[in-house]
Amino acid sequence: MNNASQEQHFSHDYWVDKLAAIATNEDRQAFAELFDYFAPKIKAYMLTGKAGYISPEAADELVQESMIKVWRKAASYHPMKARVSTWIFTIARNCRIDSLRRSRPEISLDTDDIWVDMTSDETPLVSLQQQRSQRIVQEQLEQLPDEQRQVLYKVYMEGKSHSEIADDMDLPLGTVKSRVRLAMKKLALTVDR
Amino acid sequence: MTAYHPDTRYLNDYAAGSLSPALSIIVKAHLEHCPECRQHVQSLEQIGGTLMNQQKVAVTLPENALDKLMAKIDSEPKHSATPPIKYRPNNDDLPVVLDKLISRPLNKIGWKKLARGLNFSRVPTGDQEVELMMYHIKAGRKIPMHTHKADEITLVLRGSFSDADGVYKKGDFVVRSAGEQHSPIATQDEDCLCLAAQAQPIAFTGMLRLLNPMLSIKPS
């Protein structure tokens, strides 16, 4: 299984190649590697989510659903548009949202996935800006002070609102908000509207 | 170009996966119209992806999880890695997320009359808290003054409408807070089709309040 030191050895390109092997040759060995690495992370994400009360069995089920989508959609992955971890995160997140939808009709094939990826239509300029922005996020996220990182973790992994985070961490709401704001600023993700 | 966008709160919560299904769907429908928000959300998703990737994982999967998955993949031809049968839109000007949900042409879904020139149809999302509706307003028709008991989000799908605060066109994402009163009017030259998400029914304040029971929430 994976441990922290092992994770360092996997570069982004490593997983891009694995996905390509799945897409072109239905490469099961590549998929097994991807599964061993990402499935536990997906499970942990499912268990920490706002639906934190889901059982480990339900989380396992969501892991299965997510990884089936990874298998099926491997051909639609574009390395220029998103990192593999981000792509898998969005698949897992969409599965989690779908799990909250009661009695959704089981329509077969391509139509059962309502969360269609629109990024393949972007203009080259948008794609370039996108890549730049992703690089900044990647680099800066590693540099964030723990207190800001921790707040982002609660927002993105635990799906908590700012006031829930304030309760959790026993901090004033204003402090939580300003930590999020500072973090977003460092990641160059503030929008002025 | 879209003029009204979801604020950062909606985009953040969408990216993090903490919006309810119906709200996720209406935000996603806006994203399909709006490259600007789409780009922002992609960066936010990268925070999620990176954090997910870097988290210290203490959970384990069942021993046979991968075997089970491969067996599932083998048993269902639709799970093959080859491209599945292509989805064909029923309404090709609607956001894909919505078109897939309703999965039939607009004139084949059940519409109910709410007032003269105003029809609505529930969109089946499976969300148990937030209701998603489509509203069809005849060109030039005014919607009676009403107030919202909870925040209501409206996304313009076709045509445009206006109220005291502005004019809203295709792709615009308009948020009305609980308690705000307004009386939107569809533009003269074209019918207006909107998608709206609300946690509780809107309440008509004038004569039309008699209709209120019809609007009682019944998430589909």
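Being a predicted model, the structure only gives us computed values, none of them experimental.

### Focus on the packing of helix α7 (residues 146-156) of chain A against helix α9 (residues 173-186) of chain A
Residue and element names in this part refer to chain A. In contact at an axis separation of 9 Å, α7 and α9 are set at 100 degrees when each is read in the N-to-C sense. In this view, α7 runs roughly perpendicular relative to α9, as classed from their interaxial angle. Facing α7, whose interface residues are E147, Q148, V151, L152 and Y156, α9 presents V176, R179, V180, L182, A183, M184 and K186. The residue makeup of the contact of α7 with α9, split by class, is 8 nonpolar, 1 polar and 3 charged.

### Here's the deal with the packing of aromatic side chains
Tallied over the entire structure, the rule returns 11 aromatic pairs over all chains. Pairing Y4 of chain B with Y168 of chain B gives two aromatic rings, centres 4.9 Å apart and planes at 65 degrees, and the pair type is edge-to-face. Of this pair, Y4 of chain B sits in the segment before α1 (8-16) while Y168 of chain B sits in strand β7 (residues 166-168); the two residues are 164 residues apart in sequence, bridging distant segments of the chain. Take Y168 of chain B: its relative accessible area is 2%, and that puts it in the buried class. With a centroid separation of 4.9 Å and an interplanar angle of 50 degrees, the aromatic rings of F161 of chain B and Y168 of chain B are classed as tilted. Both residues of the pair, F161 of chain B and Y168 of chain B, belong to the buried class. The structure contains a cluster of three or more aromatic residues connected by ring pairs, namely Y14, W15, Y37 and F38 of chain A. One cation-aromatic arrangement involves K41 of chain A over Y37 of chain A; the distance from NZ or CZ to the ring centre is 4.8 Å.

### Some remarks on the interface of chain A and chain B
Counting from both sides, the interface comprises 71 residues of chain A and, opposite them, 66 residues of chain B. Carbon and sulfur atoms make up 60% of the surface buried where chain A meets chain B, a total of about 6900 Å² over both sides. With a shortest N-O distance of 2.8 Å, E45 of chain B and R93 of chain A are connected by a salt bridge. One can count 20 residue pairs in polar contact (both at pLDDT 80 or more) joining chain A with chain B. Only α3 (28-48), α4 (56-73), α5 (84-99), α6 (124-143) and α7 of chain A provide two or more residues apiece to the side of chain A that touches chain B. Of the residues forming the side of chain A that touches chain B, the biggest block, 14 residues, is contributed by α3 of chain A. A class-by-class count of the residues in the side of chain A that touches chain B yields 37 nonpolar, 13 polar and 21 charged.

### Considerations on the pattern of salt bridges
Residue and element names in this part refer to chain A. Overall, the coordinates contain 17 salt bridges over all chains when judged by the stated rule. Notably, a salt bridge pairs E33 with K18, separated by 3.2 Å at the nearest N-O pair. Note that E33 is positioned in helix α3 and K18 in helix α2 (residues 12-25), a separation of 15 residues in sequence. Salt-bridge contacts for D168 lead to K160; the nearest nitrogen and oxygen are separated by 2.9 Å. One salt-bridge network, held together by shared partners, links K154, E158, K160 and D168.

### Notes on the sheet that holds strand β6 (residues 161-163) of chain B
Residues and elements named next belong to chain B. The strand order across the open sheet formed by 3 strands is β7-β6-β10, and the pairing between neighbours is antiparallel. Here the strands that pair on one side only, and so sit at the sheet edges, are β7 and β10 (185-186). By the bridge criterion, 3 bridges tie β6 to β7 in an arrangement that is antiparallel. Its bridge partner lying in β7, F161 is registered against Y168.

### Regarding the sheet that holds strand β3 (residues 131-137) of chain B
All names here are of chain B. Taken in spatial order, the 6 strands make up an open sheet running β1-β2-β3-β11-β5-β8, and their pairing is antiparallel. Sheet topology places β1 (112-115) and β8 (173-176) at the edges, where each strand pairs with a single neighbour. Ignoring strand direction, the axes of neighbouring strands in this sheet form an average angle of 30 degrees. As defined by bridge partners, strand β5 (residues 152-158) adjoins β8 across 4 bridges and the pair is classed as antiparallel. Within the sheet, the bridge partner assigned to T154 lies in β8 and is V174. Of the strands in this sheet, β3, β5, β8 and β11 (192-198) are in contact with helix α2 (residues 21-33), which crosses β5 at around 40 degrees.

Calculation rules
- Residues numbered from 1 in each chain as written.
- Chains lettered and ligands numbered in written order.
- Predicted model: local features only at pLDDT ≥ 70, side-chain atom pairs only at ≥ 80, totals over all residues.
- Heavy atoms only, no water.
- Axes fitted to C-alpha atoms, helices over the stretch in contact; angles between N-to-C directions.
- Helix = DSSP H or I, 4+ residues; strand = E, 2+ residues; numbered from the N terminus.
- Parallel < 35°, antiparallel > 145°, perpendicular 65-115°, else oblique.
- Contact = heavy atoms within 4.5 Å.
- Nonpolar A, V, L, I, M, F, W, Y, C, P; charged D, E, K, R; others polar.
- Phe/Tyr/Trp six-rings, centres within 6.5 Å; stacked < 30°, edge-to-face > 60°.
- Buried < 20%, exposed > 50% of the residue type's maximum accessible area, 1.4 Å probe, protein only.
- Lys NZ or Arg CZ within 6 Å of the ring centre and 35° of its normal.
- Buried area = accessible area lost by both parts, 1.4 Å probe.
- Salt bridge = Lys/Arg side-chain N within 4 Å of Asp/Glu carboxyl O.
- Polar contact = N/O pair within 3.5 Å; in protein donor to acceptor, adjacent residues only side chain to side chain.
- Pairing = 2+ DSSP bridges.

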